[in-house]
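Fold and geometry: a report
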Amino acid sequence: FSHDLIARSIYAGIPPTRRRTMHRRVAELLEQDTVLEPERAADLAHHAAQSGDPALAARAMVSAGRLCLRFFANDEALALASRGLQWVEQLPSAAERVCLTIELREVAHTAAPVTDWESTAREYAALAEQALDLGRLSHARRGYFMASYVHWMHGHFAGAREEILQSERVARSGGDEEH
């Protein structure tokens, strides 16, 4: 619509359930779109959040956060990861919750340095253990790798070695995709 007031008026007249459905559909279409534009990331995050679907919203925050990292928009990526972690708390599936938490923590870790590296490394290893228990090997490997990286960046080489070996063990126990 050419005038913002008309657009807002029409939007306000749409019933909330219909609005959520419309936002969900737009977010699903944007999620499938492979165009790498920062504006798309913002649109995807907005529509997914408005859809009321926590899984879609959390996945959208991961996608948008990764896209922001590609354009060195670290503050935006960190904000998206934080919003995504709020959506993750609402997920009923433990497996989906753990996997998306690992992915969102990875976005946040890439966007900004951690403040308490020891507790962060323990958190990553604990998430990896949970993913392993749930049979999500690729996410378990990623969690151990993240823990290893945090140890290594802070000069704790024994811890880094231990975590990266655990990551390698997980990869070995998987199929071709994990290798």
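Here the structure is a predicted model, which means the values were calculated and not measured.

What about the overall build of the chain?
- Scanning the chain for helices and strands turns up 9 helices and 0 strands.
- Helices and strands appear in the chain in the N-to-C order α-α-α-α-α-α-α-α-α.
- Principal axes of the C-alpha set define a box for the chain whose edges measure 60 × 30 × 25 Å.
- The buried share among the 179 residues of the chain stands at 39%.
- For the chain, restricting intrachain contacts to residue pairs at least 6 apart in sequence, the fraction spanning at least 24 positions comes to 57%.
- Of the roughly 10,400 Å² that the chain leaves accessible, carbon and sulfur atoms contribute 53%.
- Here the chain contributes 20 positive and 25 negative side-chain charges, whose respective centroids are spaced 5 Å apart.

Some points on the packing of aromatic side chains
- A complete count under the given rule lists 1 aromatic pair for this structure.
- Look at Y149 and W152: their rings are 6.1 Å apart centre to centre, the planes differ by 40°, and that puts the pair in the tilted class. Within this pair, Y149 and its partner W152 are both found in helix 8 (residues 137-153), separated by 3 residues, close to a single helical turn.
- Exposure remark for W152: the relative accessible area of 49% places this residue in the partly exposed category.

Thoughts on unusual backbone geometry
- Positioned with a positive phi, F72 is a non-glycine residue whose angle comes to about 60°.
- Topologically, F72 is positioned in the loop between helix 4 (54-70) and helix 5 (74-88).
- Relative accessible area serves as the criterion here: at 73%, F72 is assigned to the exposed category.

Here's the deal with the side chain of E163
- Among the structural elements, E163 can be located in helix 9 (residues 157-173).
- For E163, which is buried and forms no salt bridge, the nearest opposite charge comes from R169, at a distance of 8.1 Å.
- Residues in contact with E163, not counting those within four places in the same chain, are A125, Y144, A147, S148 and H151.

Considering the packing of helix 5 against helix 6 (residues 94-111)
- Between helix 5 and helix 6, the shortest axis-to-axis distance is 8 Å and the interhelical angle comes to 160°. The angle between the axes of helix 5 and helix 6 places the two elements in the roughly antiparallel class. In this structure, the crossing between helix 5 and helix 6 has a hand that is left-handed. Across the interface between the two elements, N74, A77, L78, L80, A81, G84, L85 and V88 from helix 5 touch R97, L100, T101, L104, R105, V107, A108, T110 and A111 from helix 6.
- Here the contact of helix 5 with helix 6 is built from residues that sort into 11 nonpolar, 4 polar and 2 charged.

A closer look at the packing of helix 6 against helix 8
- Relative orientation of the contacting elements helix 6 and helix 8 amounts to 30°, with a least axis distance of 10 Å. By the angle class used here, helix 6 and helix 8 are roughly parallel. Considering how the two elements wind past one another, helix 6 and helix 8 form a crossing that is left-handed. The segment helix 6 lies against helix 8, with C99, I102, E103, R105, E106 and H109 engaging H139, R142, G143, M146, Y149 and V150.
- Here the contact of helix 6 with helix 8 is composed, by residue class, of 5 nonpolar, 3 polar and 4 charged.

Reading guide: rules and limits
- Residues take numbers from 1 onward in each chain, read along the sequence in its written order.
- With the structure being a predicted model, the display of local features is reserved for residues of pLDDT at least 70 and the display and counting of side-chain atom pairs for 80 or more, all residues being used for whole-chain, interface and lining totals.
- As a convention, hydrogens and water are excluded, and side-chain values are obtained from all of the structure's heavy atoms.
- Numbering of helices and strands starts at the N terminus; helices are DSSP runs of H or I of at least 4 residues and strands are runs of E of at least 2.
- Each residue is placed in one exposure class: buried if its accessible area under a 1.4 Å probe, protein chains only, is under 20% of its type's maximum, exposed if it is over 50%, and partly exposed if it falls in between.
- Only heavy atoms enter the contact rule, under which two residues are in contact if any of them lie within 4.5 Å.
- Here the open area of atoms and residues is found with the Shrake-Rupley method and a 1.4 Å probe, where only the protein chains shown may cover a residue.
- Counting rule applied: Lys, Arg positive; Asp, Glu negative; His and chain ends not counted.
- Just so you know, the charge point we use is NZ for Lys, CZ for Arg, CG for Asp and CD for Glu.
- Working definition: rings of Phe, Tyr and Trp (its six-membered ring) pair if their centres are within 6.5 Å, and the pair is stacked with planes under 30 degrees apart, edge-to-face with planes over 60 apart, and tilted otherwise.
- Each reported salt bridge corresponds to a side-chain nitrogen of Lys or Arg within 4 Å of a carboxyl oxygen of Asp or Glu.
- Axes here mean lines fitted to C-alpha atoms, for a helix over just the part in contact, with angles spanning 0 to 180 degrees between N-to-C directions.
- An angle below 35 degrees is treated as roughly parallel, one above 145 as roughly antiparallel, one from 65 to 115 as roughly perpendicular, and anything else as oblique.
- Should the near helix be turned counterclockwise from the far one by less than a right angle, the crossing is left-handed, whereas a clockwise turn marks it as right-handed.
- We call Asp, Glu, Lys and Arg charged. Ala, Val, Leu, Ile, Met, Phe, Trp, Tyr, Cys and Pro are nonpolar, and the rest, Gly among them, are polar.

In short, shape yes, function no, at least from these values alone.
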